[in-house]
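The lines below spell out each chain.
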Amino acid sequence: MSNDLVGVWEVALSDGVHRIEFEHGTTTGKRVICIDGKEILRRDWMFKLVGKETFYVGNSDTKATINIDAVSGFAYEYTLEINGKSLKKYMENRSKVTSTWLLNLDGSDCRIVLEKDTMDIWCNGQKMETAGEFVEDGTETHFLLGDHDCCIKAVSSGKRRDGIIHTLLVDGNEVGECTE
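Rules of the game
- Residues numbered from 1 in each chain as written.
- Predicted model: local features only at pLDDT ≥ 70, side-chain atom pairs only at ≥ 80, totals over all residues.
- Heavy atoms only, no water.
- Buried < 20%, exposed > 50% of the residue type's maximum accessible area, 1.4 Å probe, protein only.
- Helix = DSSP H or I, 4+ residues; strand = E, 2+ residues; numbered from the N terminus.
- Arc of directions from axis to C-beta.
- Contact = heavy atoms within 4.5 Å.
- Pairing = 2+ DSSP bridges.
- Core = buried A, V, L, I, M, F, W, Y, C linked by side-chain atoms within 4.5 Å.
- Salt bridge = Lys/Arg side-chain N within 4 Å of Asp/Glu carboxyl O.
- Polar contact = N/O pair within 3.5 Å; in protein donor to acceptor, adjacent residues only side chain to side chain.

Caption draft 1: Looking closely at helix 1 (residues 87-97). Along helix 1, the residues classified as buried are Leu87, Tyr90 and Arg94. Projected onto a plane normal to the axis of helix 1, the buried residues spread over an arc of 60° and lie on a single side. The exposed residues of helix 1 that point more than 90 degrees off its buried face are Lys88, Lys89 and Lys96. Tucked into the core, helix 1 has its buried residues touching strand 1 (5-13), strand 6 (62-72), strand 7 (75-82), strand 8 (85-86), strand 9 (98-105) and strand 10 (108-115).

Right, dumping it as structure tokens:
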């Protein structure tokens with residue numbers, strides 16, 4: 001990265017947390033976007049210094065757009081949108097539609113994400129094979145992590161406002177949810 005680096009964002013998706021870096025050379029018209037250290041877009045000699053750059057992030061090809069706006073004189077503002085929402089709004093909404101757990105299994109860090117709308121489960125960027133079943137008080141979704149039996153239980157909170165509570169069990173032990 002050069003000294004034209006003007007924006008860095010961390011975006012938590014189901015397949016992991018991605019680092020997006022944006023370079024904007026206001027004298028050369030250069031635009032460079034890197035995701036997780038890999039250059040994915042380069043434009044040189046752009047005469048229009050404001051505008052948008054749209055690209056895709058992660059295994060699920062989530063749409064991202066960097067907006068370049070002039071603020072005053074030669075000052076610029078850079079904002080990132082994910083799926084058409086500001087990063088802040090996207091992350092607020094994401095916390096409602098996903099649950100995330102961070103844990104260490106057999107010396108390896110694991111990031112497990114449940115997508116509540118599809119019941120897809122991801123671990124460290126890989127979509128897991130799962131088996132779901134209805135039980136007396138809700139549902140259980142089973143999957144394996146190495147030699148460990150994992151289960152996400154979904155039970156009603158009994159309160160309409162709180163909705164369904166999702167709990168991760170690894171080898172029968174509850175793991176606390178984290179906020180991203």
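The structure having been displayed, the exposition proceeds.
Caption draft 2: Just the sheet that holds strand 8, in detail. Read from one edge of the open sheet, four strands run 5-6-7-8, paired in antiparallel fashion. Each of the sheet's edge strands pairs with one partner strand only, and the pair in question is strand 5 (51-57) and strand 8.

Caption draft 3: Highlighting the nonpolar core. Trp9, Ile20, Phe55, Ile66 and Leu80 are the most contacted members of the largest nonpolar core, which has 20 residues in total. For this core, the secondary-structure elements that each account for two or more residues are strand 1, strand 2 (16-25), strand 3 (30-35), strand 5, strand 6, strand 7 and helix 1. The residues contacting tryptophan 9, other than those within four sequence positions of it, are His18, Arg19, Ile20, Phe22, Ile66, Tyr78, Thr79, Leu80 and Leu87. Counting residues in each nonpolar core, the second largest holds 16 residues, with Trp101, Ile112, Met128 and Val175 among its members.

Caption draft 4: Region of the structure containing the pattern of salt bridges. The tally for this structure, following the rule as stated, stands at 12 salt bridges. The shortest N-O distance in the salt bridge between arginine 31 and glutamate 53 comes to 2.8 Å. Here arginine 31 is found in strand 3, whereas its partner glutamate 53 is found in strand 5, with 22 residues between them in sequence. We note that arginine 31, like glutamate 53, is buried. The residue arginine 42 makes a salt bridge to glutamate 39 at a minimum N-O spacing of 3.0 Å. Look at arginine 42 and you get partly exposed, because its relative accessible area is 43%. The exposure class assigned to glutamate 39 is partly exposed, which follows from its relative accessible area of 43%.

Caption draft 5: The arrangement of the side chain of histidine 24 in detail. Its location among the elements puts histidine 24 in strand 2. For histidine 24, a relative accessible area of 3% gives the class buried. There is a polar contact of 2.7 Å between the side chain of histidine 24 and the side chain of tyrosine 78. Residues within four places of histidine 24 in sequence aside, it is in contact with Asp4, Val6, Lys30, Arg31, Leu49, Ile68, Tyr76 and Tyr78.

None of this, on its own, says anything about what the molecule does.
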